[in-house]
Each structure stands twice: as structure tokens, then as C-alpha cells.
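Chain by chain, the residues:
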Amino acid sequence: MLDWIKNINKDHPEFWKIYLSKLDKKSDRYVALSVDTTGLNPKKDVILSFGAVAVVNDNIIIGDVFEVTIPQYKFLHDNGMPNDFLLESEQPKLSEVQAMEFLVNYIGNSTLVGHRINFDIEMINEALEKLGCGRLKNEALDIEVMYKKLHDINDKNFSLDELSHIFKIAKTERISTTDDSYTIALLFLKLKSRLGLK
């Protein structure tokens, strides 16, 4: 009972209060999001990078992009993982605290779009919890779920590469999460149109 009262009275960071204040209004902006992590366990693994691009009025807004690498050197070293990706990445590098604040400010009240987006959101929520924030409250759409709905498929999963191949989207070098977010945005627009979503 006391923990519950403490959580209610806990003072959230200012950027989180600003984020919450934006949620009263619905946005026509979508954010295609890709998150690179050290693994698939939100409780143990950490985020290495984010890539995101905005979609407004069925247009990908190339000038409205978010990309950042989080140098998780200690985590990689402790787990015997190479940090070549972090060293070679041309994405801006920020601490986890800075990256989460920038991400939350960037997405605002947009609808999030991704490939297996629930996992990405769970990873973000775990990182936000460390900062004394709540959980993301944005609506979310998953391109894999959209594709399965379009074709009434329940017994098969589709990777981002498979979906790109199906829709004849030229393969990128996939060297960053930003490349993946752009592919997600393209797939989203195709699926949105075929499903007749506004």
C-alpha cells in the first residue's frame, strides 16, 4: 500500500509531464520506429539505437527524422559482445537518459508504427521506468499484424525483409535503425492504403 502511495506522489521529470500534456489532442502524425537492442528480454537487455521517421498525410517527411545511438559499452563488455556497431555508427551518440528524453519529445502524441512494435515499446517502457517516468501511452500499429489482417493469416510470421520482398521494396544496406524505419514507413503506407485506413 505504501509503495502505491509513493508512486502516485512521485515527481516525474519535466519532459515526461510535457509529453503527458500533449496526449489530450489526437495527432495526424505517424512515427515509423525501429529499435535495436542487445537481445529480446526487456528486463535484462538494453537499447542500442533508435531510428524514426514521420509520416503525415500519406507522405514520409524526410526532414522529420530521429536517430541516435546509445553507447552501452559497459553492458556490451560485461556480456562479451563486440562494440564495433557503436564505434562505427554515424548516428548521433547520447546517453540513455538524453536519448529517452529526445525520443519522448520527438514522438509526442503521434501514432507509433513498427515491425513487432509491442516489443519496441516494452523496451522503451523499461528504459523510461529507470528515469521515474510512466509507460508510453501512444496508439501503435504493427505492419506485420496489418499484413496478416489483410490476408487473413494467423499461422505464419513475416520478417521485415520478407514483407519488403512481398511489396517489392528495394532492399537497403540496413546499416542503421533509420534505414529500417524508412522501410517500415513505406510498408505502412502500402498496407494502410490496401486496408482502406484513413
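Shown above is the structure to which this text applies.
All values reported here derive from a predicted model rather than from experimental measurement. (Residues numbered from 1 in each chain as written. Predicted model: local features only at pLDDT ≥ 70, side-chain atom pairs only at ≥ 80, totals over all residues. Heavy atoms only, no water.)

Draft legend 1. Structural view of the pattern of salt bridges. Under the definition given, this model contains eight salt bridges. For Glu139, the salt bridge goes to Lys26, with nearest N and O atoms at 3.4 Å. Here Lys26 lies in the loop between α2 (14–22) and β1 (29–37) and Glu139 lies in the loop between α6 (117–130) and β5 (140–142), a separation of 113 residues in the sequence. Of the charged contacts, one joins Lys156 and Glu162 as a salt bridge, the two residues approaching to 3.9 Å between their closest N and O atoms. Residue class for Lys156 comes out partly exposed when judged on its relative accessible area of 38%. Taking relative accessible area as the criterion, Glu162 reaches 34% and is therefore assigned partly exposed. (Salt bridge = Lys/Arg side-chain N within 4 Å of Asp/Glu carboxyl O. Helix = DSSP H or I, 4+ residues; strand = E, 2+ residues; numbered from the N terminus. Buried < 20%, exposed > 50% of the residue type's maximum accessible area, 1.4 Å probe, protein only.)

Draft legend 2. Fine view of the pairing of strand β4 (residues 111–114). The side-chain alternation of β4 yields two buried faces, one formed by Thr111 and Val113 and the other by Leu112 and Gly114. Relative to β4, β1 runs parallel, the two being bridged by three bridges. When the bridges of β4 are listed, Val31 appears paired with Leu112. Where β4 lies against β5, three bridges are found, and the strand directions are parallel. (Pairing = 2+ DSSP bridges.)

Draft legend 3. Local environment of the packing of α2 against helix α5 (residues 96–107). Across the interface, α2 lies against α5 with an axial gap of 9 Å and an inter-helix angle of 15°. With respect to α5, the axis of α2 lies roughly parallel. Here the hand of the crossing between α2 and α5 comes out left-handed. Contacts between α2 and α5 pair Phe15, Trp16, Tyr19 and Lys22 from the former with Met100, Glu101, Val104 and Asn105 from the latter. (Axes fitted to C-alpha atoms, helices over the stretch in contact; angles between N-to-C directions. Parallel < 35°, antiparallel > 145°, perpendicular 65-115°, else oblique. Left-handed = near helix turned anticlockwise from the far one by under 90°. Contact = heavy atoms within 4.5 Å.)

Draft legend 4. Broad picture of the pairing of strand β3 (residues 59–69). Where strand β2 (residues 47–56) lies against β3, eight bridges are found, and the strand directions are antiparallel. Following the sheet pairing, Phe50 is matched in β3 by Val68. Linkage of β2 to β3, two consecutive antiparallel strands, is achieved through a turn of two residues, within which Asn57 is found at a positive phi near 50°.

Draft legend 5. View of helix α7 (residues 143–151). Of all the positions in α7, only Ile143, Glu144, Met146, Tyr147 and Lys148 are classed as buried. Its buried side turned inward, α7 meets β4, β5, α8 (160–166) and α9 (177–195). Its side-chain oxygen at 2.8 Å from the backbone nitrogen of Glu144, Asp142 defines the N-terminal cap of α7. Looking one or two residues past α7, Asp152 carries a phi angle of roughly 50°, positive in sign. (Polar contact = N/O pair within 3.5 Å; in protein donor to acceptor, adjacent residues only side chain to side chain.)

Draft legend 6. Quick look at α5. With 12 residues, α5 should cover 16 Å at 1.5 Å per step; its first-to-last C-alpha distance of 16 Å lies within 8% of that length. All of the buried residues in α5 are Glu96, Ala99, Met100, Leu103, Val104, Tyr106 and Ile107. Buried residues in α5, looked at end-on, bunch into an arc of 160°, giving them a common side. In this fold, the buried residues of α5 make contact with α2, β1, β2, β3, β4 and α6. Gly108, located one to two residues past α5, shows a positive phi value of around 50°. (Expected span 1.5 Å × (residues − 1). Arc of directions from axis to C-beta.)

Draft legend 7. Molecular detail of the side chain of Glu144. Looking at the element boundaries, Glu144 is found in helix α7. Exposure remark for Glu144: the relative accessible area of 6% places this residue in the buried category. Engagement of the side chain of Glu144 in a polar contact is seen with the backbone nitrogen of Phe158, the distance being 2.6 Å. Excluding residues within four positions of it along the chain, Glu144 makes contact with His115, Arg116, Asn157, Phe158 and Leu163.

Draft legend 8. Focus on the packing of α5 against α6. Interhelical geometry of α5 versus α6 gives an angle of 120° and a closest axis separation of 10 Å. Relative to α6, α5 is oriented so that their crossing is left-handed. Here Glu96, Met100, Leu103 and Val104 of α5 come into contact with α6, specifically with Ile124, Ala127, Leu128 and Lys130. Split by residue class, the contact of α5 with α6 holds six nonpolar, no polar and two charged. (Nonpolar A, V, L, I, M, F, W, Y, C, P; charged D, E, K, R; others polar.)

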